[in-house]
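Analysis of the macromolecular model
One letter stands for each residue in the lines below.
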Amino acid sequence: MAVSRATLFDKVWDLHTVGTLASGQTQLFIGLHLIHEVTSPQAFAMLRERGLGVLYAERTVATVDHIVPTQSQQRPFTDTLAEQMICALEDNCAEFGIRFYNIGSGSQGIVHVIAPEQGFTQPGMTIACGDSHTATHGAFGAIAFGIGTSQVRDVLATQTLALDKLKVRRIEMNGGLRPGVFAKDVILHIIRKLGVKAGVGYAYEFAGTTFEAMNMEERMTVCNMAIEGGARCGYINPDAVTYTYLKDRDFAPQGADWERAVAWWENLRSDPDAQYDDTVHFDAAEIAPTVTWGITPGQGIAVDETVPRTEELPGEDRPLAEEAYRYMDLAPGVPIVGTKVDVCFIGSCTNGRLSDLREAAKLARGRHVALGVKAFVVPGSERVKQQAEAEGLHEVFLEAGFEWREPGCSMCLAMNPDRLEGRQLSASSSNRNFKGRQGSASGRTLLMSPAMVVAAAVSGAVTDVRALLEPTP
Amino acid sequence: MSRIASIEGRAIPLPGHDIDTDRIIPARFLRCVTFDGLGEAVFADDRRQSGQHPFDAPHHQGANILVVGRNFGCGSSREHAPQALAKWGIRAIVGESYAEIFFGNCVAIGLPCATARPEHIQHLHTAIAEDPQIPLTLDLEALEVRLPQSRLPVEMPAGAHRMFLAGTWDATGQLLAGLAAIREIAGRLPYGSPLAKGG
């Protein structure tokens, strides 16, 4: 028997291959489909137009996250358009028999938070969702990617997608993270070094002792932002950390099924001599708390660095840097530390999980949000909120002057009432710093870890979180 | 399903790289349950801020081939972005490179995205600047852009290329044709449907 030299990606891809289409693309079976209110209504409308049904309704799970208000969630919503969208999702799920976690169910939340926390997301699955941050689920050793609305239609109607196979780049990082450095800094650093388009055509396999030492929520933060590096999916091979997280979750296999599943998952891991299309190496010790200064997630620097001068950048990056200086009103050569912030946001599918809130609360305890700064915390799901409250984290935040909100995507993309105004500058634990991303056409975003957001909130300016970690005399 | 082999018309140049889908269609316009009306909102914030955005230039009205830079359509998976471009009147895009989800969304709605070398994109920009009304053709069979005085080679991934030429870019029908094979794979997976287990 030939010795297998396959990556996890190859194994999962082969297992789910239905066939080859006339175009040469693969018809790939999707084991788990996640839907939400923004990218699904038109897909259901297309099904109706074509007289099609949902082939495997039990393989689709729905929630509402993007448009939900995080203050009053009273129905009907004040925003009539948002109300129309949630109604459409309620109707579509009822009509096609799709499980829906609505507001108040106790299990609603950001789609990439609720699927893992309930155990829907498992190693070896193919997962699709009409949302680019579907890459998050790769943290479990699933192959998960974002799709558009017409592809949502295809998954609903056929449980399959027409896709070109991706290449695999192994991103190997070894060593421990220094104090004050978090999973968010790791992925911001990787994107800074590789760029925002290097991942196009690739799946990113994150491997090495740094990722092995991470808990599942940290792994999700890393995989979540693979797409910001251009990679449609990112993944980490499953291991004991994965299994411990999954065991006894609502939809995880039980009893003998569990044992069989673990045996299968163990065989899914990339073979030691697997062939990769590319490999890059990083040393975890070289990573500092990282913050973006520009208008793409690749425009990042260590917090103790200065905004890069054009002459320090490769030629092809210079026009975008010039555009970013103007938009961000940040001068080249100036330290990023001390940049005044107006709004501080902790939440999102990148950093809205319990461990993120714990880390943030640890720093917020005994401190207070600076005068003139608006700071708020949006838990990633109803379960995260409930657990955080059981631990008293909400009281820590409230005492420190943070607002404590209801779960949703909130100001990551500002489809709900949470948004920047005018040229406000936000310190944000989310994933995108694009122009206008946080709801104001001239609003500015600095991406950073939740701990760095707390440091900015209590100082009123971008601050090196490591200064707050030092024992107070 | 219609075959897409060639797009003729006029070009609209959009300089810059890494133009994300939030810029193509800001999130507030995603508060909708149909794609109707998105055409007017395409590049809404960029247009308001610039005051002289190419999409507002009188001489580019009616143009149908968009010329872009690198990594066009990065960021969010929102199909609203290609839908907004299509509803504004864009029928094809020629650029240095595309983000992957955006490219797939364009294929799914019959909007071909061809890739050209940076110097050829520059050549297009120069030609359009000299004559904004210059006629051009994106020929998918020959894989070239034709201008009155020149021809520029373009590329497209083989799968998408075949789908446009065969008229199978709307994949649903083809996928459904494999129903028996779909059921076989579903039955063979080492994991059941998620809701079959647990609570």
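Residues numbered from 1 in each chain as written. Chains lettered and ligands numbered in written order. Predicted model: local features only at pLDDT ≥ 70, side-chain atom pairs only at ≥ 80, totals over all residues. Heavy atoms only, no water.

**Here's the deal with the side chain of Ser355 of chain A**
Mapped onto the secondary structure, Ser355 of chain A falls in helix H13 (residues 354-364). Among the polar contacts listed, one links the side chain of Ser355 of chain A to the side chain of Glu217 of chain A, at a separation of 2.5 Å. (Helix = DSSP H or I, 4+ residues; strand = E, 2+ residues; numbered from the N terminus. Polar contact = N/O pair within 3.5 Å; in protein donor to acceptor, adjacent residues only side chain to side chain.)

**Structural notes on the packing of aromatic side chains**
Residue and element names in this part refer to chain A. One pass over the structure, following the stated rule, counts 19 aromatic pairs over all chains. Geometrically, the ring pair formed by Phe29 and Tyr56 is edge-to-face, given 5.9 Å between the ring centres and 75 degrees between the ring planes. Of this pair, Phe29 sits in strand S2 (residues 26-29) while Tyr56 sits in the loop between helix H2 (41-50) and strand S4 (60-63), and the two are 27 residues apart along the sequence. The pair Phe29 / Tyr56 is uniform in exposure class, with both members buried. A connected cluster of aromatic rings, assembled from ring pairs, spans Tyr101, Phe120 and Phe251. Taking the ring centre of Tyr202 as reference, the NZ or CZ of Arg169 above it sits at 3.9 Å. Above the ring of Phe376, the side-chain terminus of Lys374 is found at 5.5 Å from the ring centroid. (Phe/Tyr/Trp six-rings, centres within 6.5 Å; stacked < 30°, edge-to-face > 60°. Buried < 20%, exposed > 50% of the residue type's maximum accessible area, 1.4 Å probe, protein only. Lys NZ or Arg CZ within 6 Å of the ring centre and 35° of its normal.)

**Considering the packing of helix H1 (residues 8-15) of chain A against helix H10 (residues 255-268) of chain A**
Residues and elements named next belong to chain A. Here H1 crosses H10 at 120 degrees, and the two axes come no closer than 9 Å. Comparing the axis directions of H1 and H10 gives the class oblique. Touching Leu8, Lys11, Val12 and Leu15 of H1 are Trp264, Asn267 and Leu268, all from H10. Considered class by class, the residues forming the contact of H1 with H10 number 5 nonpolar, 1 polar and 1 charged. (Axes fitted to C-alpha atoms, helices over the stretch in contact; angles between N-to-C directions. Parallel < 35°, antiparallel > 145°, perpendicular 65-115°, else oblique. Contact = heavy atoms within 4.5 Å. Nonpolar A, V, L, I, M, F, W, Y, C, P; charged D, E, K, R; others polar.)

**Looking at the domain arrangement of chain A**
Residues and elements named next belong to chain A. Looking at chain A, the domain boundaries give domain 1 (8-278) and domain 2 (289-465). Between domain 1 and domain 2, the C-alpha centre-to-centre distance is 24 Å. Every contact between the two is made by 46 residues of domain 1 and, on the other side, 50 residues of domain 2. Between domain 1 and domain 2, roughly 3700 Å² of surface is buried when both sides are summed, and carbon and sulfur atoms account for 53% of that area. Linking domain 1 with domain 2 are 4 salt bridges. At the junction of domain 1 and domain 2, the tally comes to 28 residue pairs in polar contact (both at pLDDT 80 or more). Breaking the side of domain 1 that touches domain 2 down by element, the ones donating at least two residues are helix H4 (111-117), helix H6 (183-194) and helix H8 (216-224). (Domains from an automatic or database assignment. Buried area = accessible area lost by both parts, 1.4 Å probe. Salt bridge = Lys/Arg side-chain N within 4 Å of Asp/Glu carboxyl O.)

**With respect to empty space enclosed by the protein**
Residues and elements named next belong to chain A. Under the definition given, this model contains 5 cavities of 30 Å³ or more. In terms of lining residues, the largest cavity is bounded by 21 residues, among which His66, Asp131, His133, Leu413 and Arg437 are the most central. In the lining of the largest cavity, the residues fall into 7 nonpolar, 10 polar and 4 charged. Residues from two domains meet in the lining of the largest cavity; each of domain 1 (8-278) and domain 2 (289-465) gives at least three. A volume near 160 Å³ is recorded for the second largest cavity. (1 Å grid on protein atoms, 1.4 Å probe; cavity = no way out; pocket = protein on both sides within 12 Å on 5 of 7 lines; lining within 4 Å. Points joined across faces, edges and corners; volume = space filled by probe spheres on them.)

**Quick look at the nonpolar core**
Counting residues in hydrophobic clusters, the biggest one holds 232 residues, and the most contacted among them are Phe206 and Phe402 of chain A together with Phe72, Leu85, Ile93 and Phe102 of chain B. Mapping this core onto the domain boundaries places at least three of its residues in each of domain 1 (8-278) and domain 2 (289-465) of chain A. Among all residues touching Ile93 of chain B, those that are not within four sequence positions of it are Leu66, Val68, Phe72, Leu85, Tyr98, Phe102, Leu111, Pro112, Cys113 and Ala114 of chain B. (Core = buried A, V, L, I, M, F, W, Y, C linked by side-chain atoms within 4.5 Å.)

**Concerning the sheet that holds strand S6 (residues 126-129) of chain A**
All names here are of chain A. One open sheet holds the 5 strands; their spatial order is S5-S4-S3-S6-S7, and the pairing between them is parallel. The strands lining the two open edges of the sheet, one partner per strand, are strand S5 (99-101) and strand S7 (143-146). Strand-to-strand twist of the sheet, defined as the mean angle between neighbouring strand axes without regard to direction, takes the value 20 degrees. Of the strand pairs in this sheet, strand S3 (residues 32-35) and S6 are connected by 3 bridges, and their pairing is parallel. Bridge pairing in S6 links His33 to Ala128. (Pairing = 2+ DSSP bridges.)

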